[in-house]
Amino acid sequence: EQGDLQRHDHLFFELAYITGGTCEHTLNDIKTVLHRGDYFFVDLGSTHRYENSCGLTLINCLFLPEAIDETMRCCLSLNELLQACLVRYYRMILGANWTDGVFHDEDGRVGALLGGMVQEYRQMQFGSAEIFRGRLTEILILTLRKIAPERTPIPAAKPWKRRSCISTGTTRTT
């Protein structure tokens, strides 16, 4: 159970997912009442606090930029991380101040992904870092979908075409 916490910041990114109870949460001076299924991200340089907690339980996923991409060790914000690693999706939310928002997990997918990450953390088996990376990336994409205007289609990737070269008996991809 999570009690009240004074205003603080971090030297890492935080993804917090409310699994039960309620609280008042202040993120960068924006106060919101949180309930089960709500989640939010805390960016580097952001401050947040919990107060008036009542039976609050949560999953905290604390991560550095290199959890998503090893080349991002010097990354200073979630926006920078998304722009570099998920540029195809990120460009749809340019200008949106999404890191101050609270999201709700209507279908439970984000909670299930985080629950799987907790299990993986407890077991810490071969390949755990890759599983964390994949699930965290999926959570980021699911969250971007909530922010992106519905009218903005995601451009489909062009499928690779396979063509047989009968004369040489080889297959090449173009």
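The following refers to the structure shown. (Residues numbered from 1 in each chain as written. Predicted model: local features only at pLDDT ≥ 70, side-chain atom pairs only at ≥ 80, totals over all residues. Heavy atoms only, no water.)

**Points about the layout of surface pockets**
The test is simple: Residues are called lining when one of their atoms sits within 4 Å of a cavity or pocket point, these points coming from a 1 Å grid over the protein atoms alone, where a cavity is a set in which a 1.4 Å probe fits but cannot get out and a pocket is an open set with protein on both sides within 12 Å along at least five of seven lines. Grid points are joined across faces, edges and corners, and a volume is the space filled by probe spheres set on the points. In DSSP terms, a helix is any run of H or I states spanning at least four residues, a strand is any run of E spanning at least two, and both are numbered starting from the N terminus.
Its volume calculated, the largest pocket comes out at about 350 Å³. Taken together, 14 residues form the lining of the largest pocket, with Asn60, Cys61, Leu62, Tyr121 and Phe132 sitting closest to its centre. Listed by contribution, the elements that provide at least two residues to the lining of the largest pocket are β5 (48-63), α3 (109-123) and α4 (128-147). With five residues, β5 is the largest single contributor of residues to the lining of the largest pocket.

**Structural notes on the pattern of salt bridges**
Heads up, the condition is: Each salt bridge in this description consists of a side-chain nitrogen of Lys or Arg and a carboxyl oxygen of Asp or Glu lying within 4 Å of one another.
In this structure the tally under the stated criterion is nine salt bridges. In this structure, the salt-bridge partner of Glu70 is Arg133, at a minimum N-O distance of 3.7 Å. Highlighted residues: Glu70 in the loop between β5 and α1 (78-85) and Arg133 in helix α4, separated in sequence by 63 residues. Overlapping salt bridges bring together Glu24, Lys31, Arg49 and Glu51 as one network.

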